[in-house]
Amino acid sequence: MVGLSRLSDTAAVDDVIAALERDGGVIIEDFLARETLEGLRRDLLPLLARQSAGRDGFAGFKTRRLSALFAHTRHCVEIATHPLYLKPAEHFLCRPREVWVGSDKLSLAADVRIGVTQAIQLAPGQGAQPLHRDDTVFLWRHPTGGREGRVQIICAVSDFTAENGGTLVIPGSHLWDDERKPEMSEAIPTVMKAGSALIFLGSTFHAGGANTTLDEYRTAAGLALDAANMRQEENMYLSLSSDLVASYPEQIQRLLGWSAGANHMGWVEVDGQMVDPIHLLGERDRTNLKGVGAARHA
Ligand SMILES: O=C(O)CCC(=O)C(=O)O
Ligand SMILES: [Fe+2]
């Protein structure tokens, strides 16, 4: 089976787009400047070392995750705004739709939002994650006809190898319909040097690989750019304080957006876990919280 294309950091934006259209993913070698890679290591590695490991099979019992990356490192700026990531992302995410407003036919495109930020460290002994599509959070349907809900990047903070859990990707799976089940035999590990990056579409099947080494940690820093057309129209998080929201019944708290739901939208990190934000309101017990994936991936 043929793996993803590898392009250099001097590639043209159109070449990145073409590779993503064809394969659903692409590797950009030397994506990060050396100072950025060093800065990410300096900022993130000590924090990752303090995180507790996942508490379900999807998050990974031997995987440490650190989210809210913009609170922890300013080097996310270089990742999110790198032209070989941001411009292809806009190509797939900002597809205009024609709408009538009175007698005007308007062409409107969603803009882009940073939908998730996360460093992920696989310890030796971590098994492979289940193959999945990251646009599952939007319950996106496939084939997409080229309109994507998410474009994801995973930057290698350590080297990625087949042995240490380099992200498994099924090239071409972004074109599959929703009936086709992904098989591990179709997935190819992402092998890349620290500083390189894997970019893939939200509709591409992938998974964290198995770390079969005895002593190597595989560390990634990633984020997702999402189409901004299905967020809450009114910004409840800015207009209502969390104390005010806490004074309402739980049903209203959840309706106002303090809920992650079965599709995991809106989680917040607590103690290394991606948890339902309802736990942050009021006097709730926050010890030993389970992540949003726990119900399905015990
Ligand atoms: O760790 C990785 O390589 C991928 C993780 C992933 O796909 C996820 O957690 O959604
Ligand atoms: Fe994923």
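This is a predicted model, so every value here is computed, not measured.

Quick rundown of the nonpolar core? Include the residues and the values.
In terms of nonpolar packing, the biggest core is built from 51 residues, with Cys155, Ala197 and Ile199 touching the most fellow members. Broken down by element, the residue count for this core peaks at six residues, all from strand β12 (residues 218–227). Not counting residues up to four positions away in its chain, the partners in contact with Cys155 are Phe31, Leu32, Ile79, Ala197, Ala220, Ala221 and Gly222. In terms of nonpolar packing, the next biggest core, distinct from the first, is built from seven residues, Phe58, Ala59, Ala260 and Val292 among them.

Break down the domain arrangement of the protein chain for me, citing the residues and quoting the values.
Entries for the protein chain in the domain assignment read domain 1 (6–95 + 109–227) and domain 2 (236–280). The centre of domain 1, based on its C-alpha atoms, is set 26 Å off from the matching centre of domain 2. With eleven residues of domain 1 at the contact, the number on the domain 2 side is eight residues. Here the residues of the side of domain 1 that touches domain 2 sort into four nonpolar, four polar and three charged.

Tell me about the site of ligand 1, and please be specific about residues and values.
Surrounding ligand 1, one finds Ile120, Gln129, Asp134, Ile154, Thr167, His206, Ala207, Gly208 and Ala220. Class assignment of the residues belonging to the shell around ligand 1 gives a composition of four nonpolar, four polar and one charged.

Lay out the environment of Leu45 with the relevant residues and their values.
Here Leu45 is to be found in helix α2 (residues 34–50). A sequence separation of 105 residues divides Leu45 from Arg150, and the C-alpha atoms of the two residues are 26 Å apart.

How would you explain the environment of Glu163 if you had to name every residue and give the values?
Among the secondary structure elements, Glu163 is positioned in the loop between β7 (150–156) and β8 (168–169). Distance in space between the C-alpha atoms of Glu163 and Phe205 is 20 Å, their sequence separation being 42 residues. Residue contacts for Glu163: discarding those within four places in its chain leaves Thr212 and Thr213.

Any chance you could break down the sheet that holds strand β9 (residues 188–189) for me, citing the residues and the numbers?
One open sheet accounts for three strands, arranged β9-β8-β11; its pairing is antiparallel. The outermost strands of the open sheet, each flanked by one partner alone, are β9 and β11 (206–207). As paired strands, β8 and β9 are joined by two bridges and run antiparallel to one another. Paired with Val169 across the bridge in β9 is Ile188.

I'd like to hear about the sheet that holds strand β10 (residues 197–201), residue by residue, with values.
Paired through backbone hydrogen bonds, the strands of a sheet run either parallel or antiparallel to each other. Strands sit in the order β1-β2-β10-β7-β12-β6-β3 across an open sheet of seven strands; the sheet is mixed. Each of the sheet's edge strands pairs with one partner strand only, and the pair in question is β1 (6–8) and β3 (63–67). Each strand of the sheet is rotated relative to its neighbour by a mean of 25°, with strand direction disregarded. By the bridge criterion, five bridges tie β7 to β10 in an arrangement that is antiparallel. Residue pairing for β10: Cys155 is matched across the bridge by Ala197. α2 rests against β3, β6 (112–122) and β12 of the sheet, and its axis sits at about 120° to β3. Sheet contacts for helix α4 (residues 83–93): β2 (25–29), β6, β7, β10 and β12; angle to β7, the most-contacted strand, approximately 160°.

Parameters and conventions
- Residues numbered from 1 in each chain as written.
- Chains lettered and ligands numbered in written order.
- Predicted model: local features only at pLDDT ≥ 70, side-chain atom pairs only at ≥ 80, totals over all residues.
- Core = buried A, V, L, I, M, F, W, Y, C linked by C-beta atoms within 7 Å.
- Buried ≥ 20, exposed ≤ 12 C-beta atoms within 10 Å, placed from the backbone.
- Helix = DSSP H or I, 4+ residues; strand = E, 2+ residues; numbered from the N terminus.
- Contact = placed C-beta atoms within 7 Å.
- Domains from an automatic or database assignment.
- Nonpolar A, V, L, I, M, F, W, Y, C, P; charged D, E, K, R; others polar.
- Near = placed C-beta within 6 Å.
- Pairing = 2+ DSSP bridges.
- Axes fitted to C-alpha atoms, helices over the stretch in contact; angles between N-to-C directions.

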